[in-house]
Amino acid sequence: MASSTALSFKFSTISTYFKQNQAPLRGICNVNSVSLPSRGIRPGSLRRLRVSCAAKPETLDKVCGIVRKQLALPADSSITGESKFTALGADSLDTVEIVMGLEEEFGISVEEENAQNIVTVQDAADLIEKLVEQKAA
């Protein structure tokens, strides 16, 4: 009998499916695989798996709009959660201005150490959701 130390699931990228079918990509994350520890999980006992992003689609949309505005990108430019600020042409000053725009739009304050960890649009949206939740509590 074979044994394993972890369970792995692989799926085709969700966003690829939506691109091929011309469906909107708002709030879709790039999910390639999920791994779970196998302790206590018997084969066939896992019936349902839920994968979700922390940020709401409307938060991600707002972040995309702010990034587009701060970087003066055309309205038809493709910005998704996976978009890296550097790939969009942002330098360190642009990133600071983006963070300032996000703080103003959402009424939050982003600590410098948190701002340095923002690499993608999804990172920014997730952080905003977390800070807005903390502010409301």
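Use the structure listed above.
Figured I'd write up the structure that's included with this text. Everything numeric here is computed off the predicted structure, so don't read it as measured data.

**Observations concerning helix α5 (residues 121-136)**
Here α5 spans 23 Å end to end across 16 residues, near enough to the 22 Å set by a 1.5 Å rise per residue. Every buried residue belonging to α5 is among Val121, Gln122, Ala124, Ala125, Leu127, Ile128, Glu129 and Leu131, and all of these are buried. Against α2 (57-70), α3 (92-106) and α4 (112-115) lie the buried residues of α5.

**Examining the packing of α2 against α3**
Two measures define how a pair of helices packs: the angle their axes make with one another and the distance between the axes. Where α2 meets α3, the closest approach of the two axes is 10 Å, and the angle between their N-to-C directions is 135 degrees. One way to sum up the angle between α2 and α3 is to call them oblique. In this structure, the crossing between α2 and α3 has a hand that is right-handed. Counting all contacts with α2, which are made through Thr59, Lys62, Val63, Ile66, Val67 and Gln70, the residues of α3 involved are Glu97, Ile98, Gly101, Leu102, Glu105 and Phe106.

**A look at the pattern of salt bridges**
On inspection of all chains with the given rule, the structure shows one salt bridge. With a closest N to O distance of 3.7 Å, Lys62 and Glu105 form a salt bridge. Residue Lys62 is located in helix α2, and its partner Glu105 is located in helix α3; the two are separated by 43 residues in the primary sequence.

**Some details on the environment of Glu58**
By secondary structure assignment, the location of Glu58 is in helix α2. In this structure, the C-alpha to C-alpha distance between Glu58 and Ala125, residues 67 residues apart in sequence, is 9.5 Å.

**Some remarks on the layout of surface pockets**
Approximately 180 Å³ is the volume attributed to the second largest pocket. Together, Ser92, Thr95, Val96, Val99, Met100, Glu103, Val110, Glu111, Glu112, Ala115 and Gln116 line the second largest pocket. Secondary-structure elements contributing two or more residues to the lining of the second largest pocket are α3 and α4.

Thresholds, definitions, all that
- Residues numbered from 1 in each chain as written.
- Predicted model: local features only at pLDDT ≥ 70, side-chain atom pairs only at ≥ 80, totals over all residues.
- Heavy atoms only, no water.
- Helix = DSSP H or I, 4+ residues; strand = E, 2+ residues; numbered from the N terminus.
- Expected span 1.5 Å × (residues − 1).
- Buried < 20%, exposed > 50% of the residue type's maximum accessible area, 1.4 Å probe, protein only.
- Contact = heavy atoms within 4.5 Å.
- Axes fitted to C-alpha atoms, helices over the stretch in contact; angles between N-to-C directions.
- Parallel < 35°, antiparallel > 145°, perpendicular 65-115°, else oblique.
- Left-handed = near helix turned anticlockwise from the far one by under 90°.
- Salt bridge = Lys/Arg side-chain N within 4 Å of Asp/Glu carboxyl O.
- 1 Å grid on protein atoms, 1.4 Å probe; cavity = no way out; pocket = protein on both sides within 12 Å on 5 of 7 lines; lining within 4 Å.
- Points joined across faces, edges and corners; volume = space filled by probe spheres on them.

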